[in-house]
Amino acid sequence: MSGVVVTDPPKAGPEAVEALAGYGVATISEAMGRTGLLGPGIRPIQQGVRVAGTAVTVLSWPGDNLMIHAAVEQCGEGDVLVVTTTSPSTDGMFGELFATALQRRGVRGLVINAGVRDTQELREMGFAAWSRAVCAQGTVKATGGSVNVPVAVDGQVIRPGDVIVADDDGVVVVPREQARRTAEASEARERKEAASRAAFLGGQLGLDRYGLREKLERLGVTYRSYDAYAAGEGP
């Protein structure tokens, strides 16, 4: 497998990245029309952590972390390393030594569509990671691949310089051209949810706030007392 290392790709602006960092993965995905989410198989190894940064992408052979070594050189302040393989793999391709090198370069975290190991050490050093698997199985350094090319994870295309936001709920990718607009849409959604939260704290029901009683009626959903339902009275 031949490959390429692309240097200096375009990136989303730091202001837009920092704006997106203030919102959760669910809010951002909803603000983009319920798009951008990586699947539920990519899970955090820690809890209570959110990161946002620009993607440095890696396409590797399964069970081979050679191209992660090549990618470290391309990483810088505010990046998130995103790794996937040419076919499914759960091998532990990333661990404490990689995290040490990336943390030194200001990298904010890892998203890997494969395995990660040394998870206790990663948590202790404060290096955040989201992975397909936790696995102690080691890897080799034998096959070429690519860095900073578009990759696909769970049907989502991630390009170098796109914004990655990850938290306890998973991972979302925001195309770099949409970063600022998505941050604005996320803010609007947060304001809307704050108003609903206040209404619910005041005792209002979602059935009334969202006009759902009428929808239930249109769908033919009826109300019956327990006694009437138990007696089999009417539809």
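Structure: above.
The shown structure was predicted, so the numbers you read here are calculated from the model rather than taken from an experiment.

Peer 1: Tell me about the nonpolar core, and name the residues and values.
Peer 2: The nonpolar side chains of soluble globular proteins are, as a tendency, buried together. I68, L81, F94, L102 and L110 are the most contacted members of the largest nonpolar core, which totals 24 residues. Taken together, the elements giving at least two residues each to this core come down to β2 (51-60), α3 (66-72), β3 (79-85), β4 (92-94), α4 (96-104) and β5 (109-116). If you look at the next biggest cluster of nonpolar residues, it comprises 17 residues, including A55, V82, I164 and V173.

Peer 1: Residues and numbers for unusual backbone geometry, please.
Peer 2: Phi is positive for D8, which is not a glycine, with a value near 55°. When its relative accessible area of 73% is taken as the criterion, D8 is described as exposed. Not every positive phi belongs to a glycine, and N148 is a case in point at roughly 60°. Mapped onto the elements, N148 comes out in the loop between β7 (146-147) and β8 (151-153). N148 sits in the buried class, given a relative accessible area of 4%.

Peer 1: How would you explain the packing of aromatic side chains if you had to name every residue and give the values?
Peer 2: Under the definition given, this model contains three aromatic pairs. Each ring, one from F94 and one from F127, has its centre 5.8 Å from the other, and the planes form 20°; the classification is stacked. Here the residue F94 occupies a position in strand β4, and F127 occupies one in the loop between α5 (119-125) and β6 (128-134), the gap between them amounting to 33 residues. As far as burial versus exposure is concerned, F94 and F127 are alike and both buried. Seen from their ring centres, F200 and Y210 are 6.1 Å apart, and the 90° between their planes marks the pair as edge-to-face. In this pair, F200 sits in helix α6 (residues 179-201) while Y210 sits in the loop between α7 (206-209) and α8 (212-218), placing the two residues ten residues apart along the sequence. Looking at Y210, the relative accessible area reads 46%, which means it is partly exposed. In textbook terms, an aromatic cluster arises when at least three aromatic residues are bridged by ring pairs, as seen for F94, F98 and F127.

Peer 1: Can you break down the environment of A21 residue by residue, with the values?
Peer 2: As for its placement among the helices and strands, A21 is situated in the loop between α1 (14-20) and α2 (25-31). The class for A21 is partly exposed, based on a relative accessible area of 26%. Through-space distance from the C-alpha of A21 to that of I68 is 25 Å; in sequence the pair is 47 residues apart. What A21 contacts, discounting residues up to four positions off in sequence, is R50 and A52.

Peer 1: Describe the pairing of strand β11 (residues 170-174), with residues and values.
Peer 2: Among the five residues of β11, five are classified as buried, and the element is accordingly described as predominantly covered. Here β11 shows a buried face lined by G170, V172 and V174 and a second buried face lined by V171 and V173. For strand β10 (residues 163-167) and β11, the ladder comprises five bridges, and the chain directions are antiparallel. Bridged to I164 within β11 is V173. In this structure, the hairpin formed by β10 and β11 is closed by a connection of two residues.

Peer 1: Give me the pattern of salt bridges: which residues, what numbers.
Peer 2: With the rule as written, the count across this model stands at eleven salt bridges. For E177, the salt bridge identified is with R159, shortest N-O distance 2.7 Å. With E177 in the loop between β11 and α6 and R159 in the loop between β9 (156-158) and β10, this residue pair connects regions lying 18 residues apart in the sequence. The partner of R213 in a salt bridge is D208, with the nearest N and O atoms 2.6 Å apart.

Calculation criteria
Residues numbered from 1 in each chain as written. Predicted model: local features only at pLDDT ≥ 70, side-chain atom pairs only at ≥ 80, totals over all residues. Heavy atoms only, no water. Core = buried A, V, L, I, M, F, W, Y, C linked by side-chain atoms within 4.5 Å. Buried < 20%, exposed > 50% of the residue type's maximum accessible area, 1.4 Å probe, protein only. Helix = DSSP H or I, 4+ residues; strand = E, 2+ residues; numbered from the N terminus. Phe/Tyr/Trp six-rings, centres within 6.5 Å; stacked < 30°, edge-to-face > 60°. Contact = heavy atoms within 4.5 Å. Pairing = 2+ DSSP bridges. Salt bridge = Lys/Arg side-chain N within 4 Å of Asp/Glu carboxyl O.

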